[in-house]
Amino acid sequence: MPSAAHRVTVIPGDGVGPEVVRSAIRVIEAAGVFIDWEEAAAGASVFEKGDTSGVPAETRDSIERTKVVLKGPLETPVGFGEKSANVTLRKLFETYANVRPARELPGVPTRYAGEGVNLVIVRENVEDLYAGIEHMVTPDVGQCLKVISRKGSEKVIRYAFELARREGRTKVTAATKANIMKMTEGLFKKVFEELALEYPEIESGHLIIDNVAHQLAKAPAQFDIIVTTNLNGDIISDLASGLVGGLGFASSGNYGDTVAIFEAVHGSAPKYAGKDVINPTALILSSVMMLRHLAETGAADRVEDAVLVTLEEGRATTQDLVRQTGGDVDTAASTTGFTDAVIANLGRSPATLGAQRGDLANQAPAMAPLPAWSYGPEHYAAIARRTIGLDIFIETDSDAGQLGVEFENLTAAGPFELRFVESRGTKVYPSVGLSSDGVRLLRARFVTRDGGPAAETDLLALQGRVAERQPGWTHVEKLHVFDGADGFTKAQGE
Ligand code: NAD
């Protein structure tokens, strides 16, 4: 008996997208799940029509209605739209948690076969350098703003702990670069340590992201769930897919409060488009995640088992896997052939690894809603704050020493003093006795002499006087102290 109908927006996508999406739909329907698909466009074809967002209004409307998306890969063509339509979709619908499992699969030989790799990377999906706020601040210096918020961090970290609970996983590791980026990655780590206290039954720990990369290459089976910021997650999740057979096997789900988007980790692989040779496993396994999200747990288990049986049997093997095993590519199964084999195996159980069920059964929706964000204006009003100065960035041909003396003179009287002049984060004035190969962008830090609060009029007057002398000023940051803690970092060498 087919189950009740679900509505899902399907985006066939670019390159090999339509082929893998067709495979996934065939398998889902053969598993007895009835879905009312709303087909929608995004990506290259949309950019080519001059829509620079890559995601037209009809597609947005469809997703608003269905709340669930099965998506093929989207190209980011050079010369049309500027932003990736993938990132646009994830951000428009606030899918803040990008979940990428990496599990050892039967019949897929890897260096780690037999070690029991079974981990999930939960990547923050909206913020960080992916906020895409970039500027050329001089003709030669580009800058990208790394935005990390307590709210964004809390949502994804809570998601990771709740996922651990739901799947019966026992350990969550936060991976950050908090040792270097104290205000951003450091905030993520801090929020992780606070939230970990609410999940005492789950082992939690923090590792620096570079060490995580090292440990993943050395002994990946030690990891269970890794939660991390956006760019870190992007890189280590591709690394993790390499541990278990490559992009042909890597599935993912992007989860928000209301919308979830399921897609393979791989891109549009244009050289294989239309050739019926691509491995559809990644998108079929992403559909398994979608079926669980739709509370079709029985069908999800059946499809996952059928994929595992197909891989175990090794009779229908796509060319990417044949290459890895050193076989003859001419004998490889086509995309359609592999899909036929999975459909034929529906109802069979794998001999080795069973579907990753945890305690998923009978849970709908897939994830209990997370608590609403509870910080209102009164929370922020209770934080003691003072602004003690300014960082002013300046494009200049002046030597840092010259600029330092000029600013010392400028602030000889008045509420501020010059703390330092730095170049690309390293203090160059007052001199630390080392030469620095600087660029034409310097930053001068001015703080109140006694560290007390600065009046807004004094801050603006300071800014005006600096701008009069240095019309190449590019931007200004206020220096805040929140509840007694500096909201800014020192310069290197300060
Ligand atoms: P890609 O993932 O498309 O392909 C890289 C290589 O990986 C392929 O040439 C192929 O050898 C292999 N590969 C990928 N998927 C495979 C599969 N299912 N089966 C077998 N082998 C597979 O990466 P790319 O070439 O860097 O990117 C191509 C386009 O895709 C770009 O426009 C990029 O922006 C886009 N992209 C989209 C997404 C997405 O939609 N989420 C993700 C990554 C890249």
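See the structure shown above.
Residues numbered from 1 in each chain as written. Predicted model: local features only at pLDDT ≥ 70, side-chain atom pairs only at ≥ 80, totals over all residues. Heavy atoms only, no water.

Peer 1: Help me out: how do you make sense of the packing of aromatic side chains in this one?
Peer 2: Geometry of an aromatic ring pair is reported as the spacing of the ring centres plus the angle between the planes. Throughout the structure, instances matching the rule amount to eight aromatic pairs. When the centroid spacing of 4.4 Å and the interplanar angle of 35° are considered together, the rings of W373 and Y375 count as tilted. The exposure class assigned to Y375 is partly exposed, which follows from its relative accessible area of 24%. Here the aromatic residues Y96, Y159, Y255 and F262 are joined through ring pairs into a cluster of three or more. Cation over ring: R123 sits above Y130, and NZ or CZ is 5.0 Å from the ring centre. (Phe/Tyr/Trp six-rings, centres within 6.5 Å; stacked < 30°, edge-to-face > 60°. Buried < 20%, exposed > 50% of the residue type's maximum accessible area, 1.4 Å probe, protein only. Lys NZ or Arg CZ within 6 Å of the ring centre and 35° of its normal.)

Peer 1: What am I meant to see in the sheet that holds strand β17 (residues 473–482) here?
Peer 2: Two strands in a sheet stick together by hydrogen bonds in their backbones, pointing the same way (parallel) or opposite ways (antiparallel). With respect to topology, six strands assemble into an open sheet ordered β15-β14-β16-β13-β17-β18, the strand pairing being antiparallel. Only two strands of the sheet have a single neighbouring strand rather than two, namely β15 (426–429) and β18 (485–486). Note that β17 and β18 share two bridges and pair antiparallel. Across the sheet, residue V481 finds its bridge partner in β18, namely D486. In the packing of helix α15 (residues 456–469) onto the sheet, the strands contacted are β13 (385–395), β14 (416–423), β16 (441–448) and β17, and the crossing angle to β13 comes to about 10°. (Pairing = 2+ DSSP bridges. Helix = DSSP H or I, 4+ residues; strand = E, 2+ residues; numbered from the N terminus. Contact = heavy atoms within 4.5 Å. Axes fitted to C-alpha atoms, helices over the stretch in contact; angles between N-to-C directions.)

Peer 1: Can you walk me through a nonpolar patch on the surface in this structure?
Peer 2: There is a patch of nonpolar side chains on the surface, built from I133, L145 and V147 and spanning about 200 Å² of accessible area. On the secondary structure map, L145 appears in the loop between β7 (141–144) and α5 (150–167). L145 gets classed as partly exposed once you look at its relative accessible area, which sits at 39%. (Patch = residues over 30% accessible without salt bridge, like charges linked within 9 Å, V, L, I, M, F, W, Y side chains within 5 Å. Areas by Shrake-Rupley, 256 points an atom, 1.4 Å probe, with all protein chains shown as cover. Salt bridge = Lys/Arg side-chain N within 4 Å of Asp/Glu carboxyl O.)

Peer 1: Where do I start with the sheet that holds strand β8 (residues 171–176) in this structure?
Peer 2: In spatial order, the strands read β2-β1-β3-β12-β11-β4-β5-β10-β8-β9; together these ten strands make up an open sheet with mixed pairing. Every other strand in the sheet has two partners, leaving β2 (35–39) and β9 (203–208) as the edge strands with one partner each. Averaged over neighbouring strand pairs, the angle between their axes works out to 25° when direction is ignored. Bridge count for strand β3 (residues 68–71) against strand β12 (residues 260–264) is four bridges, and the pairing is parallel.

Peer 1: Would you explain the pairing of β17 in this entry?
Peer 2: The sheet contact formed by β13 and β17 spans nine bridges and is antiparallel. When the sheet's bridge partners are listed, F393 is paired in β17 with H475. Between β17 and β18, which pair antiparallel and follow one another directly, the connecting turn spans two residues, one of which, D483, has a positive phi of 45°.

Peer 1: Explain the site of the ligand to me, please; I cannot follow it from the model alone.
Peer 2: Surveying the vicinity of the ligand reveals 21 residues, the closest of which are L74, N86, G267, A269 and N279. For the ligand, an oxygen atom lies 3.4 Å from a polar atom in the side chain of K71. For the ligand, a nitrogen atom lies 3.2 Å from a polar atom in the side chain of E263. When the ligand sits alone it has 810 Å² of accessible area, and the protein chains cover 68% of it. Grouping the constituent residues of the shell around the ligand by class yields eight nonpolar, seven polar and six charged. (Near = heavy atom within 4 Å. Polar contact = N/O pair within 3.5 Å; in protein donor to acceptor, adjacent residues only side chain to side chain. Nonpolar A, V, L, I, M, F, W, Y, C, P; charged D, E, K, R; others polar.)

Peer 1: Help me understand the pairing of β15, please; the structure alone is not making it clear to me.
Peer 2: Note on strand geometry: in a regular strand, side chains alternate between the two faces of the sheet. Where β14 meets β15, three bridges bridge the pair, whose relative direction is antiparallel. When the bridges of β15 are listed, E422 appears paired with K427. Here β14 folds back onto β15, and the loop between the two strands holds two residues, one of which, R424, carries a positive phi near 45°.

Peer 1: What's the story with the pattern of salt bridges in this structure? I'm lost.
Peer 2: A side chain of one charge can pair with a side chain of the opposite charge when the charged atoms of the two come close. According to the stated counting rule, one finds 32 salt bridges in the structure shown. In this structure, D257 and K155 form a salt bridge, with 3.6 Å as the shortest nitrogen-oxygen distance. Within this pair, whereas D257 is found in the loop between β11 (251–255) and β12, its partner K155 is found in helix α5, the two being separated by 102 residues in sequence. Between E167 and R169 there is a salt bridge, and its shortest N-O distance comes to 3.0 Å. Overall, the relative accessible area of 8% leaves R169 in the buried class. It is possible to trace a salt-bridge network through shared partners that takes in R7, D36, E38 and R65.

Peer 1: Please explain unusual backbone geometry as it appears in this structure.
Peer 2: It is generally the case that most residues other than glycine have a negative phi and that most peptide bonds are trans. Going from Y429 to P430, the amide bond is cis rather than trans, its omega being -10°. Looking at the secondary structure, you find P430 in the loop between β15 and β16. The backbone of R424 sits at a positive phi, close to 45°, despite the residue not being glycine. Mapping R424 onto the fold places it in the loop between β14 and β15. R424 sits in the exposed class, given a relative accessible area of 60%. Backbone geometry at D483 places phi at a positive 45°, although glycine is not the residue there.

As far as function goes, none of this settles anything; it's purely spatial.
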